[in-house]
Amino acid sequence: MSDADYTTSTQGEGRCPRCAEGRLKAWYELSAEEREVAARLPASADFTPAERAARHLFCTRCWFEETSGAPRNA
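Quick notes on the rules
- Residues numbered from 1 in each chain as written.
- Predicted model: local features only at pLDDT ≥ 70, side-chain atom pairs only at ≥ 80, totals over all residues.
- Heavy atoms only, no water.
- Helix = DSSP H or I, 4+ residues; strand = E, 2+ residues; numbered from the N terminus.
- Buried < 20%, exposed > 50% of the residue type's maximum accessible area, 1.4 Å probe, protein only.
- Contact = heavy atoms within 4.5 Å.
- Areas by Shrake-Rupley, 256 points an atom, 1.4 Å probe, with all protein chains shown as cover.
- Core = buried A, V, L, I, M, F, W, Y, C linked by side-chain atoms within 4.5 Å.
- pLDDT = per-residue confidence, 0-100.
- Pairing = 2+ DSSP bridges.

A. Up close: the overall build of the chain. A count of helical and extended segments in the chain gives three helices and three strands. Written out in order from the N terminus, the α and β elements of the chain read α-β-α-α-β-β. Here the chain, with 74 residues, has 26% of them falling under the buried criterion. For the chain, the proportion of contacts with a sequence separation of at least 24, taken over those separated by at least 6, is 51%. Accessible area of the chain: about 5,400 Å², with a carbon and sulfur share of 49%.

What follows is the structure, given as structure tokens:
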């Protein structure tokens, strides 16, 4: 195994950068209860609900909110 193997690895893709356990979920993947919690996170003061639903990703384990809007591989 070489160092170059790590640059193309997707093993940790989609994992929460804060807790490294939870999977980041899009708004549409959240249950109604999870959406209610996400609506109360601190980023709700800085972004519109439509923008958060369209671009942000959420960890339902530690409630980290990814605001960069980075594209995810399907």
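B. A look at the nonpolar core. In this structure, Cys16, Cys19, Leu24, Ala26, Leu57, Cys59 and Phe64 together form the largest nonpolar core, which totals seven residues. Elements supplying a minimum of two residues to this core: β1 (24-26) and β2 (57-59). The contact partners of Phe64, leaving out residues within four places of it in the chain, are Cys16, Pro17, Arg18, Leu24, Leu57, Phe58 and Cys59.

C. Fine view of the confidence of the model for the chain. Mean pLDDT over the chain stands at 82; residues scoring 70 or higher make up 74%. Low pLDDT, under 50, characterises residues 6-10; the stretch is placed with one contact to residues that sit more than four places away or in other chains.

D. Focus on unusual backbone geometry. Positive phi values are uncommon outside glycine, yet Ala20 reaches one of about 60 degrees. Phi angles above zero are rare outside glycine, and Trp63 is one such case at about 65 degrees. Its location among the elements puts Trp63 in the loop between β2 and β3 (65-66). For Trp63, a relative accessible area of 22% translates into the label partly exposed.

E. How the structure looks around the sheet that holds β3. Reading across the sheet, the three strands line up as β1-β2-β3 and stay open at both edges, with antiparallel pairing between neighbours. Each having just a single partner strand, β1 and β3 make up the two edges of the open sheet. Pairing of β1 with β2 involves three bridges; the strand directions are antiparallel. Across the sheet, the residue bridging to Ala26 is Leu57, located in β2.

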